[in-house]
Amino acid sequence: MTSVHPSALVSPSNLAARRRVKRQRRRRLLAVLQGAVIVAVAFLVLFPIVWMVLTAFKEPADDYRYTLRFTPTLDNFREVFSDRWDIAKNIRNSTIIAVSTVVIATPIAVSASYAFSRLRFPLKRTMFQWNLLTQFIPSVAIVLPFYIMFRNLDLLDTYVALILVDLSIVLPYAIWTIKGFIDAIPIETEEAAIIDGAGRFRIIWDIVVPMARPGIMTAAIFCFILTWNELLFGYLLSRQDVVPLPVGIISFVLERGPVWELIAATGIIITVPMFFFALMIQRHFTKGMNLGAVR
Amino acid sequence: MASITFRGVTKRWGAFVGVKDLNLEVADQEFLVLLGPSGCGKTTTMRMVAGLEDPTDGEIWIGDDIVNDVSPRDRDVAMVFQNYGLYPHISVRENIAYPLKVRKVPKSEVAALVNAAADKVELDPFLDRKPGQLSGGQRQRVALARSLVRTPQVFLMDEPLSNLDAKLRVTMRAELKHLHHELKITTIYVTQDQMEAMTLATRIAVMSNGVIQQLAAPEVIYNDPATLFVAGFIGSPSMNLLPGALVDGTFVAGPLRVPDFAAGNREGVVLGVRPEDVTVTAPGEGQFDMDVYTVELTGESILVTARAGKLQLTAHADRHYRCGIGDRVGMRFEPARGYLFDEATEHRIKLNHGTMQ
């Protein structure tokens, strides 16, 4: 116990000072806690990626050793492109599927979202809600019907089947995203164009598409990412001709089990383009869209 | 250039009536202002001329043609929007050129037309900027230039100045007036601002609840209001309106007496008198005395608002006049400057002041 003069305790300035110190201490504690949480979450998110990158450059012998000390090698990348695994074929398949899906989905989504945003037609709300509802159906629940349907159509192991399925996955999302951006375009801008003499298609092309560009780009890139990463349908609907990249990885198994160093190397090949696309989305998002049409 | 005619035009949305049986003729080269509070149907009326709304009933004529079924682009009208409606992603030059581009005007002519339009509204230095890089006033000019560029038959302006700050509004108002004088294009102008209406209009149509209350030249609207609504809407501060009765020629409202106001007896009337027609006097020297409720200096004059019981009256006093809140003052006005309205029908009761004196 330290002895304090009673008057010192009740002096208002002293009391205020003590309160200030207390507040400072609490703030510092909070900052430390915040930092700790951030580090923990970052570790959880980043660790698998870091581990994948490390593994990709390891010799097979180092796979199961929890060490950071190894001689990095590019052998794994060379190996996945060899005739044995021929990952280039999977890259080509995935690119064809993803690019076709985006190229088909974007104009459809722009038209549909314009209609949902601006036109008046019966059951508009219901249709838009159903469009969103499809997003809540777990893929696993419909993968079998899809399989049977495509088998009956003799479309198994074709690009057409995978592109159609991917369209059904990405379109609702794309429509929803782009509609939000079209909603934000002031109606006066379109009315001005009507009076200036532009027809419906001209307005969409000259006014709506450029003004909704950030949204359209975001939706297109996101659709590409979704399609590029899609595993379940690709796994069930492809056999050998159109096997996409993520499905290709699954086959990296030898007698000794999964070939982790090759899986990791392919993982990097899959991830790198997505990484740049994510950066692009971010740029488009932050670009915003109010460029001074009104006020 | 052309006249615009409404014949029995009605616009309904379900049970809601936006515009009710409108009959109106806008003369060639006229500057007609549709004035009224929000929701009165003025914007709807204009949008029907543009073709952005279809009338439920009736005919709209531009010149010698019924345009009910003519698409907006073939009506040869130009419109300036409240929010300008500019195209933010293209330059000012492309904005102004857009109506020409859509109409496939040869490129060789476009440049000259755009420059001429930009010149008229003094935009030349900004042609290569995007609308986002311009001030509000400059954006308004872009919208104007875009509507000027193809010299339309009819000009429609939907509260074009309402987003500008007060000072700029006055400047742009003067420019609009000059522009109309120069181009002589038939114009319909929608506003809630009576000052714009008074200064710009050849004629004003005061609207409320989808009906034109009065259609007349600005000075008639101001000096000879047809209804209680017009009287109360036009003028700032607005006209004093005192409900009361006429008893043997004296207007009686609560404790107030205005002797020799008009001949006869009548219940349920409203006396209207503009603040600038009321004089503040020493107590006992006016027609009646009141207690000062508030005093506001506007610069050019002093607004004295006084009360007697529940009745309130505002008067313009000379800017050197001084009084305090709570002071007792007299109020006086020439009976000839007063108006009388029927409280029930809200219509004006024409007075014959001459016989009273």
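Further up the page is the structure itself.
Residues numbered from 1 in each chain as written. Chains lettered and ligands numbered in written order. Predicted model: local features only at pLDDT ≥ 70, side-chain atom pairs only at ≥ 80, totals over all residues.

> Please clarify how the interface of chain B and chain A should be interpreted in this entry.
One frequent convention defines the size of an interface as the accessible area lost when the parts assemble. Across the contact, 24 residues belong to chain B and 19 residues belong to chain A. Elements represented by at least two residues in the side of chain B that touches chain A include exactly strand E6 (77-80) and helix H2 (92-102) of chain B. For the side of chain B that touches chain A, the per-class residue count stands at 15 nonpolar, six polar and three charged. (Contact = placed C-beta atoms within 7 Å. Helix = DSSP H or I, 4+ residues; strand = E, 2+ residues; numbered from the N terminus. Nonpolar A, V, L, I, M, F, W, Y, C, P; charged D, E, K, R; others polar.)

> Please clarify how the packing of helix H4 (residues 87-118) of chain A against helix H10 (residues 213-229) of chain A should be interpreted in this entry.
For any two helices packed against each other, one specifies the inter-axial angle together with the distance between the axes. Residues and elements named next belong to chain A. Orientation of H4 relative to H10, taken along the N-to-C sense of each, is 145°, at an axis distance of 9 Å. Judged by the sense of rotation from one axis to the other, the crossing of H4 with H10 is right-handed. Residue-level inspection shows Ser94, Ile97, Ala98, Thr101, Val102, Ala105, Thr106, Ala109 and Val110 of H4 in contact with H10, the latter providing Ile216, Ala219, Ala220, Cys223, Phe224, Thr227 and Trp228. Looking at the contact of H4 with H10 residue by residue, the classes come out as 12 nonpolar, four polar and no charged. (Axes fitted to C-alpha atoms, helices over the stretch in contact; angles between N-to-C directions. Left-handed = near helix turned anticlockwise from the far one by under 90°.)

> What is the right way to read the sheet that holds strand E12 (residues 250-253) of chain B from this model?
Within a sheet, neighbouring strands are paired by backbone hydrogen bonds and run either parallel or antiparallel to one another. Residue and element names in this part refer to chain B. Taken in spatial order, the six strands line up as E13-E12-E11-E14-E20-E21 in an open sheet, and their pairing is antiparallel. Each having just a single partner strand, strand E13 (256-258) and strand E21 (348-349) make up the two edges of the open sheet. Two strands pair when backbone bridges link them, and strand E11 (residues 240-247) and E12 are joined in this way by three bridges, in the antiparallel orientation. Its bridge partner lying in E12, Val247 is registered against Thr250. (Pairing = 2+ DSSP bridges.)

> Where do I start with the nonpolar core in this structure?
One recurring pattern in soluble globular proteins is that nonpolar side chains are buried together. Ranked by internal contacts, the top residues of the largest apolar core, which has 141 residues, are Ile178 of chain A together with Val33, Val49, Ala145 and Leu156 of chain B. Of the residues forming this core, the biggest block, 12 residues, is contributed by helix H7 (residues 159-183) of chain A. Not counting the four nearest positions on each side in its chain, Val49 of chain B is found in contact with Ile4, Ile60, Val77, Val154, Leu156 and Ile188 of chain B. Of all hydrophobic cores here, the second largest spans seven residues; its members include Val80, Ile87, Val259 and Ala264 of chain A. (Core = buried A, V, L, I, M, F, W, Y, C linked by C-beta atoms within 7 Å. Buried ≥ 20, exposed ≤ 12 C-beta atoms within 10 Å, placed from the backbone.)

> Just to check I follow, could you spell out the environment of Val270 of chain B for this structure?
Residues and elements named next belong to chain B. Tracing the backbone shows Val270 in strand E14 (residues 266-273). Since 23 C-beta atoms lie within 10 Å of it, Val270 is described here as buried. Expressed as a C-alpha distance, the spacing of Val270 and Thr281, which sit 11 residues apart in the sequence, is 23 Å. Non-local contacts of Val270, meaning those with residues more than four positions away in its chain, are made with Leu228, Leu241, Leu242, Pro243, Phe341 and Glu343.

Fair warning: the whole summary comes from geometry, so function is off the table for now.
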